[in-house]
Amino acid sequence: MAAVSLRLGDLVWGKLGRYPPWPGKIVNPPKDLKKPRGKKCFFVKFFGTEDHAWIKVEQLKPYHAHKEEMIKINKGKRFQQAVDAVEEFLRRAKGKDQDLTIPESSTVKGMMAGPMAAFKWQPTASEPVKDADPHFHHFLLSQTEKETGSTSIQAADSTAVNGSITPTDKKIGFLGLGLMGSGIVSNLLKMGHTVTVWNRTAEKCDLFIQEGARLGRTPAEVVSTCDITFACVSDPKAAKDLVLGPSGVLQGIRPGKCYVDMSTVDADTVTELAQVIVSRGGRFLEAPVSGNQQLSNDGMLVILAAGDRGLYEDCSSCFQAMGKTSFFLGEVGNAAKMMLIVNMVQGSFMATIAEGLTLAQVTGQSQQTLLDILNQGQLASIFLDQKCQNILQGNFKPDFYLKYIQKDLRLAIALGDAVNHPTPMAAAANEVYKRAKALDQSDNDMSAVYRAYIH
């Protein structure tokens, strides 16, 4: 973006790193957040999100002059919500002075706690920016990331042209169109990738064929006709069968072919798969994802990768399309271990939420009031609110299958056993999920663990 003449209060399009330009307003920074040395930049509060950051002046454009241009090159639900928030702000601003300046009393703490920790603040009651989404953390300051020693690896900036993802010219294959895979493939297609799909239940491919995907008859055929093939299946057995079974991935591997397993499995399984792929001259990357169906649909997954670093970089535009950030964790097996730990924490927390709601009920306390209290405290999160709402409404439509979180707990416990590390909280939670499965809750959302406490 070319340098422009800007001042405090201007509406702008701000661009940071590989991410597309986003609408925001130049505001006063908190007193204790100093301007980066040697850089001409403005402090910008972004609409439709809680994020704000110092943005270099050459990465800013006036909002009105470039509105039509940005709307044409940027797509997605979150982006549209942000633009709607700007328009609502402008409507309210007519005849009335609206101020987005961060209050001087605001303090920014924990500068070394993580890339986003220094840039979070709570809007005041008069804050006009609506639809803030805690899942949307696109705007990370690379300087802070460098200081914290974060292992977060953002995809190369060279793949972002004019704020839009430039898809790789490599042919992409995708195996597995479940809750997560369907959203991933949809976003790959939206961003212009050439994708060939396969699913065990072939009918699930129809929608994606209509959207421009090609149909592969077998996993082997997909791998043999594509440069990079991704797979996302349910568990270790499914992951092994996909590679080693009849007409499986291994039959299509030859030197130079690339395979990326996005399934959540144990380290032993992913190491075995890596070895057989590499033995045939193929390249291997594990890349399990943290998130749920909604985040998959929105292209906001967190990708944990390990293995072939060059392949990780080759997947740059694909990871941009499907996720908000990615981490490269080193040798094969590391991503599997980290993913199991993440899901262990999430699954144990869900079981605790359900336990608290049932205890409130049996002691004559309002479950809704409990949720309201939690939402005002330090545990407040989208996850907490959504899962509690599931329980209060009795709506357990799967966003993350209960049977899969129980599988992940089981694998995490085994990981602890392998290194003689106690996992008593996870073990207790696992028993509750097993009880829920016995009550036929396997194919419901993980929040259906609640039913294990009331039966």
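Look above for the structure.
Residues numbered from 1 in each chain as written. Predicted model: local features only at pLDDT ≥ 70, side-chain atom pairs only at ≥ 80, totals over all residues. Heavy atoms only, no water.

A. Examining the pattern of salt bridges more closely. One pass over the structure, following the stated rule, counts 15 salt bridges. In this structure, the salt-bridge partner of R283 is D314, at a minimum N-O distance of 3.2 Å. With R283 in strand β13 (residues 283-286) and D314 in helix α11 (residues 309-314), this pair connects stretches of sequence that are 31 residues apart. Looking at R283, the relative accessible area reads 24%, which means it is partly exposed. With relative accessibility at 29%, the residue D314 sits in the partly exposed group. The partner of D408 in a salt bridge is K407, with the nearest N and O atoms 2.8 Å apart. Residues D408 and K407 agree in their burial class; the two are buried. (Salt bridge = Lys/Arg side-chain N within 4 Å of Asp/Glu carboxyl O. Helix = DSSP H or I, 4+ residues; strand = E, 2+ residues; numbered from the N terminus. Buried < 20%, exposed > 50% of the residue type's maximum accessible area, 1.4 Å probe, protein only.)

B. Looking closely at the pairing of β13. Where strand β12 (residues 258-261) lies against β13, four bridges are found, and the strand directions are parallel. The partner of D261 across the bridge, within β13, is E286. Chirality of the crossover, the property in question, places the unit of β12, helix α9 (residues 267-279) and β13 among those that are right-handed. Examined bridge by bridge, β13 and strand β15 (residues 301-307) share two bridges and lie antiparallel to one another. Counterpart to E286 in the pairing with β15 is A306. (Pairing = 2+ DSSP bridges. Right-handed = clockwise from strand over helix to strand, strands pointing away.)

C. Focus on the nonpolar core. Grouped together as the largest cluster of nonpolar side chains are 36 residues, with contacts concentrated most on F174, F230, M262 and F319. Counting only elements with at least two residues in this core, the list comes to β8 (172-175), α4 (179-190), β9 (195-198), β11 (228-231), β12, β15, α11 and α12 (316-322). In terms of residue count, α4 provides more of this core than any other element does, five residues in total. When residues no more than four places from it in sequence are discounted, the contact partners of F230 are I172, G173, F174, L175, V260, M262, C315, C318, F319 and M322. Grouped together as the second largest cluster of nonpolar side chains are 30 residues, A351, L384, C388 and I413 included. (Core = buried A, V, L, I, M, F, W, Y, C linked by side-chain atoms within 4.5 Å. Contact = heavy atoms within 4.5 Å.)

D. Representation of the packing of aromatic side chains in the model. Counted under the stated rule, the structure contains twelve aromatic pairs. With a centroid separation of 6.3 Å and 20° between ring planes, the pair formed by F174 and F230 is classed as stacked. Linking F174 in strand β8 with F230 in strand β11, this pair joins segments that are 56 residues apart in sequence. Neither residue differs from the other here; F174 and F230 are each classed as buried. Considering the side-chain rings of Y259 and F284, the 6.2 Å spacing of their centres and the 45° angle between planes classify their relative orientation as tilted. Pair noted here: Y259 is in strand β12 and F284 is in strand β13, with a separation of 25 residues, a long-range link. For the pair shown, Y259 and F284 are each scored as buried. Through a chain of ring-to-ring contacts, three or more aromatic side chains come together here, namely F174, F230, Y312, F319 and F328. Here the guanidinium or amino end of R309 rests over the ring plane of F328, the centre of that ring lying 4.7 Å away. (Phe/Tyr/Trp six-rings, centres within 6.5 Å; stacked < 30°, edge-to-face > 60°. Lys NZ or Arg CZ within 6 Å of the ring centre and 35° of its normal.)

E. Structural detail: the side chain of D445. The topology assignment puts D445 in the loop between α17 (424-438) and α18 (451-454). A polar atom in the side chain of D445 sits 3.4 Å from the side chain of N390. In this structure the side chain of D445 is engaged in a polar contact, spanning 2.7 Å, whose partner is the side chain of S447. When near neighbours in sequence (up to four residues on either side) are disregarded, D445 contacts K387, N390, F396, K397, P398, D399, F400 and L402. (Polar contact = N/O pair within 3.5 Å; in protein donor to acceptor, adjacent residues only side chain to side chain.)

F. Quick peek at unusual backbone geometry. For S247, which is not a glycine, the phi torsion comes out positive at approximately 55°. With respect to the helices and strands, the residue S247 is situated in the loop between α7 (236-244) and α8 (249-252). Take S247: its relative accessible area is 31%, and that puts it in the partly exposed class. Here N420, not a glycine, exhibits a phi torsion of approximately 55°, which is positive.

G. Molecular detail of helix α16 (residues 402-418). Between its first and last C-alpha atoms α16 spans 25 Å; for 17 residues at 1.5 Å apiece the expected length is 24 Å, and the two agree. Residues of α16 that are buried in the fold lie against α7, α13 (334-362) and α17. (Expected span 1.5 Å × (residues − 1).)

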